[in-house]
Amino acid sequence: MMATDTQRLEGEIQALKRETSTIVLAHYYQVTDVQDVGDFLGDSLGLSRKAASVTSASNIVFAAVDFMAEVAKILNPSKHVYMPDRTASCPMADRLRAAEVLQHKQRFPGLPVVLYVNTLAEAKAECDVICTSANAVEVCSKVARAWGKDTIIMGPDRNLSHHVEREAGIKVVTMPERGCCYVHDQFSTEDVEYQRQRFPGAKLVVHPECKPDVQEAADFVGSTTQMLRYIEGGMADCQEYVVGTEQGLLDHLAKKHQVLRLHSLAPVPQGVACKNMKKTTLQKVRDVLLAIKAGTAGDREVLVDEQIAARARRSIDAMFTYSTASG
Ligand code: 13P
Ligand code: SF4
């Protein structure tokens, strides 16, 4: 898109936000144009915390994927929550249905069930506590201690389960057994070896959705915001990083800090993209705001059944009780 088109759309978006009493929450995996019009930019924990504290606006436009927008709706039942593209979903979240959570509870009675925030509201309604990649270790260890158990049930990401087992020293039964994020699970130890050879002075930082052997080879494993803080905090000593996550974070950091030399762990210039996160464009953000103004945005509104929302809210609130992390 031409710079002038971008500026025109940004101007329209800012005016429409004011006219419609709307705030825009955006995830770091959004394209940078969309990140730039966000009133708040965050990882899934930061966005959940922000969604919990929205008081001024009547509407929330959530630029991310649907499970994150559902959390905003669950925490703000009286507000309208919209997505610029209502089809943006997370395939890993979509795979774990409520029935599978219930089956595991029957199979392993007495074990606490911790679900990753990357789940549908119907699954959240059946679990005990939610966690995100930023607080999974803290939440899972505290839950295991509170329940007096050395094992928990967790889903839907087997790689995050590995991270928790390693860092919290507890056992995890994962459901579904082979659940993972296709974006992060594609990084391999061959990529690590190759990129370490190409960039010997660089530090390797990766998301806990990466494979166990990739996590083990990294200098730092953390959520999107934790990786960002690690890189920004270390910039005085090291300006070169190989990053094992979605390209949006690298684009954000590259725009903010021109001194940084950033390389995706995937040895291709374009890095790796989450197709669903990338469905949102600046035009779609403008269009949903126009539709909110015209009263025709119902097709992009995120609604959660009231009973499911009330039960899912208990497990999200439990996360806030257990977690001190800010996201
Ligand atoms: P964060 O918790 O780091 O925002 O990650 C969410 C996600 O979907 C990662 O793929
Ligand atoms: Fe889901 Fe992976 Fe996309 Fe995150 S990056 S939304 S886990 S598919």
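Cut-off values and rules
- One numbering rule holds for all chains: residues counted from 1, following each sequence as written.
- Both sets of labels track the order of writing: A upward for chains, 1 upward for ligands.
- Local features in this predicted model are restricted to residues of pLDDT 70 or higher, and side-chain atom pairs are both shown and tallied only at a pLDDT of 80 or more, whereas totals for entire chains, interfaces and linings draw on every residue.
- Note: side-chain values were computed over all heavy atoms of the structure, leaving out hydrogens and water.
- For salt bridges, the criterion is a side-chain nitrogen of Lys or Arg within 4 Å of an Asp or Glu carboxyl oxygen.
- Going along the chain from the N terminus, every DSSP run of H or I of four or more residues is numbered as a helix, and every run of E of two or more is numbered as a strand.
- Using a 1.4 Å probe on the protein chains alone, a residue whose accessible area is under 20% of its type maximum counts as buried, one over 50% counts as exposed, and one in between counts as partly exposed.
- Consider each residue's heavy atoms; a residue with any of them within 4 Å of a molecule or strand counts as near.
- Polar contacts, as counted here, are pairs of nitrogen or oxygen atoms within 3.5 Å of one another; within protein the pair requires one atom able to donate a hydrogen and one able to accept it, and residues that are adjacent in sequence qualify only if both atoms are side-chain atoms.
- Gly is put with the polar residues, along with every residue not named as nonpolar or charged; the nonpolar set is Ala, Val, Leu, Ile, Met, Phe, Trp, Tyr, Cys and Pro, and the charged set is Asp, Glu, Lys and Arg.
- The rule for pairing is simple: two strands pair if DSSP sees at least two bridges between them.
- We call two residues in contact whenever any of their non-hydrogen atoms come within 4.5 Å of each other.
- Convention adopted: a line fitted to C-alpha atoms gives each axis, helices being fitted over their contacting stretch, and angles between N-to-C directions are expressed from 0 to 180 degrees.

Asks: Got a minute to help me understand the pattern of salt bridges in this structure?
Replies: When their charged atoms lie close together, side chains carrying opposite charge are able to pair. Going through the model one piece at a time under the given rule, you end up with 21 salt bridges. Between Arg-8 and Glu-12 there is a salt bridge; the shortest N-O distance is 3.1 Å. In this pair, Arg-8 and Glu-12 both sit in helix H1 (residues 3-20), four residues apart, roughly one turn of the helix. The partly exposed category is assigned to Arg-8, whose relative accessible area is 45%. One salt bridge connects Asp-219 with Arg-196, and the closest N-O pair in it is separated by 3.2 Å. Of this pair, Asp-219 sits in the loop between helix H11 (212-217) and strand S10 (220-221) while Arg-196 sits in helix H10 (residues 189-198); the two residues are 23 residues apart in sequence, bridging distant segments of the chain. Residue classification places Asp-219 among the partly exposed positions, given a relative accessible area of 40%. Take Arg-196: its relative accessible area is 32%, and that puts it in the partly exposed class.

Asks: For this particular structure, what's the right way to read the site of ligand 1?
Replies: Residues in close proximity to ligand 1 include His-27, Tyr-29, Asp-43, Ser-44, Asn-118, Ser-133, His-184, His-207, Glu-209, Ser-223 and Thr-224, which together make up its full environment. The side chain of Ser-133 places a nitrogen or oxygen atom 2.7 Å from an oxygen atom of ligand 1. Residue composition of the shell around ligand 1, by class: one nonpolar, eight polar and two charged.

Asks: Even after reading the chapter, I still don't get the sheet that holds strand S12 (residues 261-264), so can you show me in this structure?
Replies: Pairing between the strands of a sheet comes from backbone hydrogen bonds, and it takes one of two forms, parallel or antiparallel. Strand order across the open sheet formed by four strands is S10-S9-S11-S12, with parallel pairing between neighbours. Edge positions in the open sheet fall to S10 and S12, since each of these has one partner strand only. Relative to S12, strand S11 (residues 240-244) runs parallel, the two sharing four bridges. Looking across to S12, one finds that Glu-240 is bridged to Arg-261. Its contacts with the sheet put helix H13 (residues 247-256) on S11 and S12, and the angle it makes with S12 is roughly 170 degrees.

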